[in-house]
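Observations on the three-dimensional arrangement
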Amino acid sequence: MSPDALVRIAALCVVLAGAETLHGIARTTLVVPRIGKERAVKLSALTGTCLAFVICWLLVPGIGLRTPGAHLILGAALAGFMAGFDIAVGRWLMRKAWARILPDFNPRTGNYLLYGLLGLCVIPLLVWHAHRA
């Protein structure tokens, strides 16, 4: 992989993290007061995945990956980065205990973050297929 591709992947990670941070702030300040936390968290998994799709639509083709496997690896790397970013923000910025962070990844507790991360695993592949058509 070229150094240019690595820089573009790093930039994609930063853009996704920034957009998802702003998305979370908007959810907390604008949506939660209107529909409640439980429904807002569920809705944000869908809107966050759509936001990630748009960002990937714009930035993934410029990375220059050529195979489906490379796009799946990119998706897994993005999901891993975003999971790590969410954990880091929760743990060190928001000072949450592990017992409050881990349920965010468990759909049985009403949080659909895991589904969003799984979606992020395949979004680069979907973008690649759509741009090839």
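Preceding this section is the structure that the text describes.
The structure contained in this document is the topic of the report that follows. Predicted model only: the values in this text are computed from it and were never measured.

The rules behind each value
Residues numbered from 1 in each chain as written. Predicted model: local features only at pLDDT ≥ 70, side-chain atom pairs only at ≥ 80, totals over all residues. Heavy atoms only, no water. Axes fitted to C-alpha atoms, helices over the stretch in contact; angles between N-to-C directions. Helix = DSSP H or I, 4+ residues; strand = E, 2+ residues; numbered from the N terminus. Left-handed = near helix turned anticlockwise from the far one by under 90°. Contact = heavy atoms within 4.5 Å. Nonpolar A, V, L, I, M, F, W, Y, C, P; charged D, E, K, R; others polar. 1 Å grid on protein atoms, 1.4 Å probe; cavity = no way out; pocket = protein on both sides within 12 Å on 5 of 7 lines; lining within 4 Å. Points joined across faces, edges and corners; volume = space filled by probe spheres on them. Core = buried A, V, L, I, M, F, W, Y, C linked by side-chain atoms within 4.5 Å. Buried < 20%, exposed > 50% of the residue type's maximum accessible area, 1.4 Å probe, protein only. Disulfide = S-S within 2.5 Å. Salt bridge = Lys/Arg side-chain N within 4 Å of Asp/Glu carboxyl O.

The next subject is the packing of helix 2 (residues 37-59) against helix 5 (residues 113-132). Two quantities define a packed helix pair, namely the angle between the helix axes and the distance between the axes. Contact geometry for helix 2 and helix 5: axes closest at 9 Å, N-to-C directions at 35°. The chirality of how helix 2 crosses helix 5 is right-handed. Contact with helix 2, carried on its side by Thr-49, Ala-52, Phe-53, Cys-56 and Trp-57, involves Gly-116, Leu-120, Ile-123, Leu-126, Val-127, Ala-130 and His-131 of helix 5 and no other residues of that element. Considering only residue class, the contact of helix 2 with helix 5 consists of 9 nonpolar, 3 polar and no charged.

Take the layout of surface pockets next. A volume near 1,200 Å³ is recorded for the largest pocket. As for the largest pocket, its lining consists of 38 residues, and the residues nearest its centre are Gly-24, Arg-27, Asp-86, Asp-104 and Leu-113. Elements that contribute at least two residues to the lining of the largest pocket include exactly helix 1 (3-35), helix 2, helix 3 (68-93), helix 4 (98-101) and helix 5. Here the lining of the largest pocket gets 9 residues from one element, more than from any other, and that element is helix 1. Taken together, the residues that form the lining of the largest pocket break down as 18 nonpolar, 12 polar and 8 charged.

In this structure, Leu-12, Leu-16, Cys-56, Ile-63, Leu-74, Leu-78 and Leu-120 are the most contacted members of the largest nonpolar core, which totals 24 residues. In terms of residue count, the dominant contributor to this core is helix 1 (7 residues). Setting aside chain neighbours within four positions, we find Leu-16 in contact with Ala-52, Ile-55, Leu-78, Met-82 and Leu-120.

Turning our attention to the state of the cysteines. On inspection of all chains with the given rule, the structure shows 0 disulfides. With no disulfide of its own, Cys-50 lies 12 Å from the sulfur of Cys-56, the closest cysteine sulfur. A disulfide-free cysteine, Cys-56 has its sulfur positioned 9.3 Å from the sulfur of Cys-13, the nearest such atom. Owing to a relative accessible area of 0%, Cys-56 belongs among the buried residues under this scheme.

What follows covers the environment of Arg-39. Within the secondary structure, Arg-39 is located in helix 2. Taking the C-alpha atoms as reference points, Arg-39 and Gly-110, separated by 71 residues in sequence, lie 9.0 Å from one another.

One non-glycine residue with positive phi stands out, namely Arg-95, at about 60°. With respect to the helices and strands, the residue Arg-95 is situated in the loop between helix 3 and helix 4.

Let us look at the environment of Cys-13. Looking at where Cys-13 falls in the secondary structure, it is placed in helix 1. Taking the C-alpha atoms as reference, Cys-13 lies 25 Å from Val-31; in sequence the two are 18 residues apart. Once residues lying within four places of it in the same chain are set aside, the contact partners of Cys-13 are Leu-78 and Phe-81.

The next point concerns the pattern of salt bridges. For the coordinates displayed, the defined rule picks out 3 salt bridges. The salt bridge partner of Glu-38 is Lys-42, with a shortest N-O separation of 3.7 Å. Pair noted here: Glu-38 and Lys-42 are both in helix 2, with a separation of 4 residues, about one helical turn. A relative accessible area of 57% means that Glu-38 is categorised as exposed. For Lys-42, a relative accessible area of 29% gives the class partly exposed.

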